[in-house]
Amino acid sequence: MVRGYLSRRLDGISSVTDIAAPFPISLNSVSKHIRILERADLVRRRKRGREHLLALNPKPLDAAAKWIEEQRALWAWRLSELDTVLTKEKP
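Note that this is a predicted model, so its numbers are computed, not measured. (Residues numbered from 1 in each chain as written. Predicted model: local features only at pLDDT ≥ 70, side-chain atom pairs only at ≥ 80, totals over all residues. Heavy atoms only, no water.)

Engineer: Hey, could you run me through the packing of aromatic side chains in this one?
Structural biologist: To describe a pair of aromatic rings, one takes the distance between the centres and the angle between the planes. A complete count under the given rule lists zero aromatic pairs for this structure. Seen from the ring of W75, R78 lies directly overhead, with NZ or CZ sitting 4.8 Å from the centre. (Phe/Tyr/Trp six-rings, centres within 6.5 Å; stacked < 30°, edge-to-face > 60°. Lys NZ or Arg CZ within 6 Å of the ring centre and 35° of its normal.)

Here's what the structure looks like:
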């Protein structure tokens, strides 16, 4: 469900009600999921009267993608080194 919320956030600003509409759960349950996204700083909320409007904040995703790429490069190098050592040890 979290991915569903995030994918709906890519198109701009939407209300909580609009985001909840396609999901077969209560509005209260959707709000709980959104609060988790807010704690992770993936979603920003602002109020306009009684309406809560949400927008995606991609910065934490960018940071995660950078970390993943750094780990991928590190492990690719380590595995390449391991392959070199193991290849040299073959009779």
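Engineer: Sorry, what's going on with the nonpolar core here?
Structural biologist: Ranked by size, the top nonpolar core spans nine residues in total: V16, I19, A20, V30, I34, L37, L42, V43 and L54. Among the secondary structure elements, those contributing two or more residues to this core are α2 (16-20) and α3 (27-39). (Core = buried A, V, L, I, M, F, W, Y, C linked by side-chain atoms within 4.5 Å. Buried < 20%, exposed > 50% of the residue type's maximum accessible area, 1.4 Å probe, protein only. Helix = DSSP H or I, 4+ residues; strand = E, 2+ residues; numbered from the N terminus.)

Engineer: How do you make sense of unusual backbone geometry when you look at a structure like this?
Structural biologist: When glycine is set aside, most residues are seen to have a negative phi, and most peptide bonds are trans. For D41, which is not a glycine, the phi torsion comes out positive at approximately 65°. Within the secondary structure layout, D41 lies in the loop between α3 and β2 (43-48). Exposure remark for D41: the relative accessible area of 32% places this residue in the partly exposed category.

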